Amino acid sequence: MWVGRKGIMIPTKGYAAHAAQEPLKPFSFERRDPTPNDVQIEILFCGVYHSDIHIARNEWGGSTLYPCVPGHEIVGRVVKVGRDAKKFKEGDLVAVGCMVDSCGRCASCKADLEQFCEKGAVFTYNSKDEHTGGTTYGGYSKSIVVDQDFVLRISNKLDLAASAPLLCAGITTYSPLRLWKVGKGQKVGVVGLGGLGHMALKFANAFGAEVTLFTTSPGKTEDAKRLGAHDVVISKNEDEMDKQANKFDFIIDTVSAKHDLNAYLELLKRDGVLTLVGAPPEPAPVSAFSLIIPRRQLTGSLIGGIAETQEMLDYCADKGITCDVEMIPISKINEAYERMLKSDVKYRFVIDMATI
Ligand code: NAP
């Protein structure tokens, strides 16, 4: 440790993007020494998700702050706690998801929806860091220091590496499925089988719905059935798509690239809901007629609040739900990004942080 601009700082190793067109490379930086309410965590595993690519490559409206250390599917062990951080103790297994702070006072924070904090939630990376005056750095790193109110408990019943993606892919799909009360007697569609899609299949199936996967990849059919789909439709096949018209109560769309939303709106019954969680960089045209007849709804959803994330982790521990992961050393991160862009991952890369 040494005394930095903001007091005592903890030197940390990570991987960062320094510009949109450049590969990620090793990067040394500092974490703050835990304040009274903070928890210092040794990161064991970090999931790699598609938004890491969107942000590292500055694909979302020029909002990336460089250097950018991505990663917000973090699982680790507590190594130090601040004097008032009584919720945790040294040695506890913990997790950190997409947010590390929020105002705590606005209507959204009071409703346990910190992701919609009216002052702006502080995201785990690429946000302004109120503590250091700099930028938040994420989980592609050896350690992180987080306010205890944004640290989650994780059960030792679960495989830790396979649990890391629950912190984003898990909560992002769990939250809208719960909000729209997906369950028994409902016909549910999941569009895209990647990191988010495979968790949507597992949760929708666990909640009792009849689940159909819509995929552009015929080779994923067997996996989809193993993961919880009762039926699989190849979305490039117009005849197959036509047969599904007006059949669905709820569809969750996880696709990361430009595609036709009207094709999925047409599959909904009256009052059916299409929720977007995938975030393609380009806007998508929507036909008014796809919505007004017969009164369909198009909505979106962003991750989930801290309380609901804990609920999801506890549900997963109870039901034995984890993610299907492929472990990589941190040195393979740029290769992993290229493979993700080709949908060549089953179904989430997780970095073994012992390799940093
Ligand atoms: P991913 O693992 O790369 O999966 C995306 C899937 O989309 C692919 O596996 C593929 O499935 C499908 N796809 C890709 N290109 C396509 C195309 N051109 N046309 C149709 N389908 C295509 O990505 P992810 O990590 O699950 O993330 C998915 C999206 O969700 C990203 O945009 C990410 O930024 C966003 N996200 C949003 C939130 C939120 O809070 N709303 C949170 C996390 C992530 P098939 O091969 O099965 O077709």
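Residues numbered from 1 in each chain as written. Predicted model: local features only at pLDDT ≥ 70, side-chain atom pairs only at ≥ 80, totals over all residues. Heavy atoms only, no water.

1. Side note on the overall build of the protein chain
In terms of helices and strands, the protein chain carries eleven helices and 18 strands. For 356 residues, the compact-globule estimate of 2.2 N^0.38 gives 21 Å, and the C-alpha radius of gyration of the protein chain, at 20 Å, lies within 12% of that figure. Over its C-alpha atoms, taken along the principal directions, the protein chain stretches across nearly 65 × 40 × 35 Å. Counting only residues that meet the buried cut, the protein chain has 55% of its 356 residues in that class. Residue pairs at least 24 apart in sequence account for 67% of intrachain contacts in the protein chain once pairs closer than 6 positions are excluded. Accessible area for the protein chain stands at about 15,300 Å²; split by element, carbon and sulfur atoms hold 52% of it. Considering the protein chain, the positive charge centre built from 42 side chains and the negative charge centre built from 44 side chains are found 2 Å apart. (Helix = DSSP H or I, 4+ residues; strand = E, 2+ residues; numbered from the N terminus. Rg over C-alpha atoms; globule rule 2.2 N^0.38 Å. Buried < 20%, exposed > 50% of the residue type's maximum accessible area, 1.4 Å probe, protein only. Contact = heavy atoms within 4.5 Å. Areas by Shrake-Rupley, 256 points an atom, 1.4 Å probe, with all protein chains shown as cover. Lys, Arg positive; Asp, Glu negative; His and termini not counted. Charge placed at Lys NZ, Arg CZ, Asp CG, Glu CD.)

2. Description of the sheet that holds strand β14 (residues 248-253)
With parallel pairing, six strands are arranged side by side in an open sheet as β13-β12-β11-β14-β15-β16. Each of the sheet's edge strands pairs with one partner strand only, and the pair in question is β13 (231-234) and β16 (297-300). With direction set aside, neighbouring strand axes in the sheet form an average angle of 20 degrees. Direction of pairing for strand β11 (residues 187-191) relative to strand β12 (residues 210-215): parallel, over a ladder of five bridges. Its bridge partner being in β12, V188 is matched across the sheet by V211. (Pairing = 2+ DSSP bridges. Axes fitted to C-alpha atoms, helices over the stretch in contact; angles between N-to-C directions.)

3. Describing the confidence of the model for the protein chain
It should be kept in mind that the predicted coordinates are not to be read in detail where pLDDT is low. Mean pLDDT over the protein chain: 95, with 98% of residues reaching 70 or higher. Contacts for the low-pLDDT stretch residues 1-5, under 50 throughout, to residues beyond four places or in other chains number 14 contacts. (pLDDT = per-residue confidence, 0-100.)

4. Some details on the pairing of strand β5 (residues 74-81)
Pairing geometry for strand β4 (residues 38-48) and β5, over seven bridges, is antiparallel. Looking at the pairing, I41 lines up with V78 of β5. Sheet analysis places β5 next to strand β6 (residues 93-96), joined by four bridges and oriented antiparallel. Along β6, the bridge assignment pairs I74 with V96.

5. Observations regarding the nonpolar core
Of all hydrophobic cores here, the largest spans 101 residues; its most connected members are Y140, L201, F203 and I333. The leading source of residues in this core is β4, at seven residues. The residues contacting F203, other than those within four sequence positions of it, are G170, T173, Y174, L177, M312, Y315, C316 and I321. Residues F214, V233, F248 and I251 belong to the second largest nonpolar core, which totals eleven residues. (Core = buried A, V, L, I, M, F, W, Y, C linked by side-chain atoms within 4.5 Å.)

6. Thoughts on the side chain of D92
Take D92: it is sitting in the loop between β5 and β6. By relative accessible area, which is 12% here, D92 ends up buried. Of note is the side chain of D92, whose polar atom sits 2.9 Å from the backbone nitrogen of K89. Excluding its chain neighbours within four sequence positions, the residues that come into contact with D92 are G76, R77, V78, K87 and R153. (Polar contact = N/O pair within 3.5 Å; in protein donor to acceptor, adjacent residues only side chain to side chain.)

7. Thoughts on the pairing of β14
Summarising burial for β14: five of the six residues are buried, a large majority. Strand direction decides the pairing type here: β11 and β14, joined by four bridges, are parallel. Looking at β14, one finds that G189 is bridged to I251. One ladder, built from five bridges, connects β14 with strand β15 (residues 268-276); its direction is parallel. When the bridges of β15 are listed, D253 appears paired with L276.

8. Regarding the packing of aromatic side chains
One pass over the structure, following the stated rule, counts eleven aromatic pairs. Here the aromatic rings of F214 and Y264 are separated by 5.6 Å at their centres, their planes lie at 80 degrees, and the arrangement is edge-to-face. Here Y264 lies in helix α8 (residues 261-265) and F214 lies in strand β12, a separation of 50 residues in the sequence. An aromatic cluster is present here, built from Y174, F203, F207 and Y315 joined pairwise through their rings. The ring of F207 is capped by R178, whose NZ or CZ atom sits 3.8 Å from the centre of that ring. Between the NZ or CZ atom of R178 and the centre of the ring of Y315, over which it lies, the distance is 5.2 Å. (Phe/Tyr/Trp six-rings, centres within 6.5 Å; stacked < 30°, edge-to-face > 60°. Lys NZ or Arg CZ within 6 Å of the ring centre and 35° of its normal.)

9. Structural notes on the site of the ligand
The environment of the ligand is formed by 28 residues, the closest being S51, T215, T216, S217 and R348. A distance of 2.5 Å is found between an oxygen atom of the ligand and a side-chain nitrogen or oxygen belonging to S51. Measuring from an oxygen atom of the ligand, one finds a backbone N or O atom of A279 at 3.0 Å. Here the ligand has 930 Å² of accessible area as a free molecule, and 89% of this is covered by the chains. Top contributing element to the shell around the ligand by residue count: helix α1 (residues 50-56), with three residues. For the shell around the ligand, the residue count by class is eleven nonpolar, 15 polar and two charged. (Near = heavy atom within 4 Å. Nonpolar A, V, L, I, M, F, W, Y, C, P; charged D, E, K, R; others polar.)

10. Things to note about the side chain of D324
Along the polypeptide, D324 turns up in the loop between α10 (306-319) and β17 (325-329). Looking at D324, the relative accessible area reads 16%, which means it is buried.

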